[in-house]
Every structure is written in structure tokens, then in C-alpha cells.
Amino acid sequence: MNNGFKTIEDLYKRLKPALYSKVVELKRNGLDYIKEEDIFNYLLESSWSKKDNLSIAELTNEILYLDNNLITNYVMNILKNTERNINEEDNNLL
């Protein structure tokens, strides 16, 4: 995906308004655990890595019309594979 941006961070910053808009939509549908970074990483890994010379309009379109089930499954898989531990630092309760 070569679209004229020097870094992935620059691309992320440019797409942030569209990512924010998608997150707002997801929150309205009760999916408040999905973050802008999740959407960006999902598309970067699944769709954008397979395409070349995508315009900002095409990238934005993919963000806004991303199937909510696809991003939900992606995030749930990440959460499922994340190890969760007990926070042992706060011993004030004992």
C-alpha cells in the first residue's frame, strides 16, 4: 500500500476523523470496546496490505463501510488471546 505517506503514523493521523466516526457508530450499536486503533490495524492487516496506491477517499470509504461483524470478530480474537492477570500490586484490600 503505497499512498504517499512516509509513515504508518502519518497515515493514521490523516484517517483519524474517519476512524473516530466509525467508533461513534460502533458505540451507538453497543460496541464500545472497539477503538480507532483496532479498526486501523484490522484494515491494515486484512485489506490494505493486499492493495496498492489506495487514495485517501478509498481508505476512508473502507473505514466507514467496514462490516461491524468483521471488526467485532477481530477485536474479540485479540481479547481472547490476551492473557489477563490479577493485579497483585494493590494489597490494601487484605
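Everything below is about the structure shown above.
Draft legend 1. Main features of the pattern of salt bridges. Counting across every chain of the model gives 4 salt bridges. With its nearest N and O atoms 3.3 Å apart, the salt bridge here joins glutamate 9 to lysine 13. Highlighted residues: glutamate 9 and lysine 13, both in helix H1 (residues 8-28), separated by 4 residues, approximately one helical turn. Accessibility assignment for this pair places glutamate 9 and lysine 13 in one class, exposed. With a closest N to O distance of 2.9 Å, lysine 51 and glutamate 62 form a salt bridge. Of this pair, lysine 51 sits in the loop between helix H2 (36-46) and helix H3 (56-64) while glutamate 62 sits in helix H3, placing them 11 residues apart in sequence. What makes lysine 51 partly exposed here is its relative accessible area of 34%.

Draft legend 2. Layout of a nonpolar patch on the surface. A cluster of nonpolar residues, Tyr33, Met76 and Leu79, forms a patch on the protein surface that exposes about 240 Å² of accessible area. Note that leucine 79 resides in helix H4 (residues 68-80).

Draft legend 3. Highlighting the packing of aromatic side chains. Counted according to the given criterion, the structure contains 3 aromatic pairs. A centroid spacing of 5.1 Å and a plane angle of 85° characterise the contact between tyrosine 12 and phenylalanine 40, whose relative ring orientation is edge-to-face. Of this pair, tyrosine 12 sits in helix H1 while phenylalanine 40 is found in helix H2, placing the two residues 28 residues apart along the sequence. For tyrosine 12, a relative accessible area of 15% gives the class buried. A relative accessible area of 4% means that phenylalanine 40 is categorised as buried. Grouping aromatic residues by their ring pairs yields a cluster made of Tyr12, Phe40 and Trp48.

Draft legend 4. Broad picture of H3. Residues Leu59, Glu62 and Ile63 constitute the buried set of H3. Down the axis of H3, the sector holding all buried residues measures 105°, keeping them to one side. Buried-residue contacts for H3 involve H1 and H2.

Parameters at a glance
- Residues numbered from 1 in each chain as written.
- Predicted model: local features only at pLDDT ≥ 70, side-chain atom pairs only at ≥ 80, totals over all residues.
- Heavy atoms only, no water.
- Salt bridge = Lys/Arg side-chain N within 4 Å of Asp/Glu carboxyl O.
- Helix = DSSP H or I, 4+ residues; strand = E, 2+ residues; numbered from the N terminus.
- Buried < 20%, exposed > 50% of the residue type's maximum accessible area, 1.4 Å probe, protein only.
- Patch = residues over 30% accessible without salt bridge, like charges linked within 9 Å, V, L, I, M, F, W, Y side chains within 5 Å.
- Areas by Shrake-Rupley, 256 points an atom, 1.4 Å probe, with all protein chains shown as cover.
- Phe/Tyr/Trp six-rings, centres within 6.5 Å; stacked < 30°, edge-to-face > 60°.
- Arc of directions from axis to C-beta.
- Contact = heavy atoms within 4.5 Å.

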